[in-house]
Amino acid sequence: MSFDLSVFSNKNIILAVTGGIAAYKSAILVRRLKDYGFNVRVVMTKGAQAFITPLTFQALSGNSVHTELLDPEAEAGMGHIELARWADLILVAPASCDTIAKFAAGLADDLLSTLYLATKAPVWVAPAMNQQMWAAKATQRNLNTLVEDGVHVIMPEAGSQACGDVGLGRMPEPEDLADQVKNYFHQAQRAIAEKFGLLAGKRVVITAGPTREAIDPVRYISNHSTGKMGFAIAAACYSAGAKVTLLAGPVSLDTPNGVRRINVSSAIKMLDESMHQLEEGCDIFIATAAVADYRVAEVSEHKIKKAGDELNVSLVKNPDIVATIAQQEKRPFMVGFAAETRNVEEYAAGKLVAKKLDMIACNDVSRADIGFASDQNAMTVFFAEQYQMQKRDLEKASKQEIAQQLVEAIHDALHHEIETV
Ligand SMILES: Cc1cc2nc3c(=O)[nH]c(=O)nc-3n(C[C@H](O)[C@H](O)[C@H](O)COP(=O)(O)O)c2cc1C
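What you see as residue numbers is a count from 1 along each chain, following the sequence as written. Where local features are concerned, this predicted model is filtered to residues with pLDDT of at least 70; where side-chain atom pairs are given and counted, the filter is 80 or more; whole-chain, interface and lining totals use all residues. The side-chain figures draw on all heavy atoms in the structure; neither hydrogens nor water molecules are used.

The protein is annotated in an unreviewed UniProt entry as Coenzyme A biosynthesis bifunctional protein CoaBC from Acinetobacter rongchengensis.

Spelled out as structure tokens, the structure:
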């Protein structure tokens, strides 16, 4: 089982908007939640509609807005019970004093208060009001009741208010609220992945990107690797429940959520850090980095000046990171990568044996539509003899999908080995 933590297209949020001046912020909140991939349905109280129109929310959420309880037509569409069941989370933002009081009292005289009683989904309220209304004993008493009833109260912020007062009562910014929702689902999914994911409990180290081999303080030798494949694999391993450390060469990519990233530059540094990670504990080592085979024999201390028609730079062989790790006594499950331009499968199968790997994924970088800078890839995976799985073709797909298939291949190989031991 594996979970893609970057999309929430299977999660349903009801955003309930009540009659407060902060209702205008809720329009942006819908946008942010949609950006994160959530399905959003908006419920509005009568009070809310005095501040902002349902049409705005209909356009932003892509769904009709729910406003009525005692309306046969609305009930014939998605009735209040159905709506209550549909929700994975009900977020009331802004939550007025009035609605908070209704929730606390258990009233059910409009759609929102009825939904509140009818749902099993977690309910979050983001109170927003004048600072005196916030401080009022009745409001605080009602909020305490909600907390006791299991509602999550998002504290308002202090600052200047629309009414001119200064104090507690401002609704947090919509971006902040959307992030809180996203993090909540991330954590919930992560908890499941850590228990049931394909790589649950495994410690994975991944190398990614190119290395840079200095010539002098301003110049270097490198290659076209972008690191995209390694970063996608890191994200897929994390989603599968693993603890992931990413040893990244110089690339301009964001660190995948939940992944520990360590930046390295040269092949020597990448090897040093890989050995260090091995000491810290590593079950699976995935070497996607395009490590420079050679480095400059003597790096010039100062910038080399232009002189003469030729410049000779002498190169020496770099250590082979993946082969070095595979030779260690306490070696992890080793996954290598081979980017070739010809005889791809032959070279890859040779590398698998020569470097004593468990698995090797190879691709043909001479193809313009896959590999290096492309967002797509296609691969053939070879397994070492003891796994009795020989090879598996991964058809052309996005690097995210290929990464997912690789995780499955690693899991299958590990599982197979356990079975045959
Ligand atoms: C201009 C204006 C601004 C208001 N702002 C707020 C507010 O920020 N928070 C609040 O709790 N009530 C505010 N109210 C009062 C609510 O709109 C009122 O209590 C209403 O009954 C709330 O109904 P509802 O909870 O069903 O949406 C405001 C009223 C007016 C006229």
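Structure shown, so let's carry the discussion forward.
Visitor: Explain the overall build of the protein residue by residue, including any values.
Guide: A run of H or I in DSSP becomes a helix once it reaches four residues, and a run of E becomes a strand once it reaches two; helices and strands are each numbered from the N terminus. When helices and strands are tallied, the protein shows 15 helices and 19 strands. For the protein, whose C-alpha radius of gyration is 28 Å, the value lies well above the compact-globule estimate of 22 Å for 421 residues. With respect to the three principal axes, the spread of C-alpha positions in the protein is 80 × 60 × 40 Å. For the protein, the residues scored as buried account for 48% of the 421 residues in total. A contact between two residues is defined here by any heavy atoms of the two lying within 4.5 Å. The contacts of the protein with a sequence gap of at least 6 include a subset with a gap of at least 24, amounting to 66%. Approximately 20,800 Å² of the protein is accessible, and the part contributed by carbon and sulfur atoms is 50%. Each charge sign in the protein was given a centre, from 41 positive and 50 negative side chains, and these centres are 3 Å apart. Our radius of gyration looks at C-alpha atoms and nothing else; its globule reference is 2.2 Å times the residue count to the power 0.38. Whether a residue is buried, partly exposed or exposed follows from its accessible area with a 1.4 Å probe, protein chains only, as a fraction of its type maximum: under 20%, in between, or over 50%, in that order. Per-residue and other accessible areas follow the Shrake-Rupley method at a 1.4 Å probe size, with only the shown protein chains counted as cover for residues. In this charge count, Lys and Arg are treated as positive and Asp and Glu as negative; neither His nor the chain ends contribute. Taken as the charge centre is NZ of Lys, CZ of Arg, CG of Asp or CD of Glu, depending on the residue.

Visitor: Describe the domain arrangement of the protein, naming the residues involved and giving the relevant values.
Guide: Domain annotation of the protein identifies domain 1 (12-185) and domain 2 (198-420). An automatic or database domain assignment provides the domain bounds reported here. Relative placement of domain 1 and domain 2: their C-alpha centres are 47 Å apart.

Visitor: Describe the site of the ligand, listing the residues and the values that go with them.
Guide: A cutoff of 4 Å decides nearness: a residue is near a molecule or strand if any of its heavy atoms lies inside that distance of it. Taken together, 14 residues sit near the ligand, with Gly19, Thr45, Ser96, Cys97 and Thr99 positioned nearest. Interatomic distance of 2.6 Å between a side-chain N/O atom of Thr45 and an oxygen atom of the ligand. Under this definition, polar contacts are N or O atom pairs within 3.5 Å; protein pairs additionally need one hydrogen-donor-capable and one acceptor-capable atom, and for neighbouring residues in sequence, both atoms have to be side-chain atoms. Here an oxygen atom of the ligand and a backbone polar atom of Cys97 are 2.8 Å apart. Here the ligand, which alone exposes 640 Å², has 63% of that area covered by the protein. Partitioning the shell around the ligand into residue classes produces 6 nonpolar, 7 polar and 1 charged. By the convention adopted, Pro, Cys, Tyr, Trp, Phe, Met, Ile, Leu, Val and Ala count as nonpolar, Lys, Arg, Asp and Glu as charged, and the other residues, Gly among them, as polar.

Visitor: Pulling in residues and values, what's your account of a nonpolar patch on the surface?
Guide: A residue counts toward a patch only above 30% relative accessible area and without a salt bridge, and it is joined to like-charged neighbours within 9 Å or, for Val, Leu, Ile, Met, Phe, Trp and Tyr, to nonpolar neighbours within 5 Å. By convention in these notes, a salt bridge is any Lys or Arg side-chain nitrogen within 4 Å of a carboxyl oxygen on Asp or Glu. Side chains of Tyr294, Leu311, Val313 and Leu315 sit close together on the surface and give an oily, nonpolar patch of about 370 Å² of accessible area. Within the element layout of this structure, Leu315 appears in strand β15 (residues 315-317). For Leu315, a relative accessible area of 42% corresponds to the partly exposed category.

Visitor: Just give me the short version of the sheet that holds strand β2 (residues 39-44), but keep the residues and values in it.
Guide: Strand pairing follows a simple DSSP-based rule, namely that at least 2 bridges must link the two strands. Strand order across the open sheet formed by 5 strands is β2-β1-β3-β4-β5, with parallel pairing between neighbours. Across the chains shown, the open sheet's two edge strands, defined by having one partner strand only, are β2 and β5 (152-153). Taken together, the 2 bridges between strand β4 (residues 123-127) and β5 define a ladder with parallel strand orientation. Of the residues in β5, the one forming a bridge with Trp124 is His152. A fitted line through C-alpha atoms represents every axis, and for helices the fit uses only the stretch in contact; the resulting angles, taken between N-to-C directions, go from 0 to 180 degrees. The strands that helix α10 (residues 174-196) touches are β1 (12-17), β3 (89-95), β4 and β5; relative to β3, the one it contacts most, it runs at about 160°.

Visitor: Give me the UniProt feature "active site" (unreviewed entry) in the protein: which residues, what numbers.
Guide: UniProt positions are given in the numbering used here, feature names are shortened, and annotations may be inferred rather than shown by experiment. Here, UniProt's "active site" (unreviewed entry) annotation points to Cys163. Relative to the elements of secondary structure, Cys163 occurs in the loop between β6 (157-160) and β7 (166-170). Residue class for Cys163 comes out partly exposed when judged on its relative accessible area of 48%.

Visitor: For unusual backbone geometry, give the residues involved together with the corresponding values.
Guide: The phi torsion of most residues other than glycine is negative, and most of the peptide bonds are trans. Of note, the amide linkage connecting Ala93 to Pro94 takes the cis form, showing an omega dihedral of 0°. The residue Pro94 is located in strand β3 in this model. In this model, Asn343 sits at a positive phi of 45°, which is unusual for a non-glycine residue. Relative to the assigned elements, Asn343 resides in the loop between β16 (333-340) and α14 (344-354). Backbone geometry at Lys356 places phi at a positive 60°, although glycine is not the residue there. Within the secondary structure, Lys356 is located in the loop between α14 and β17 (359-364).

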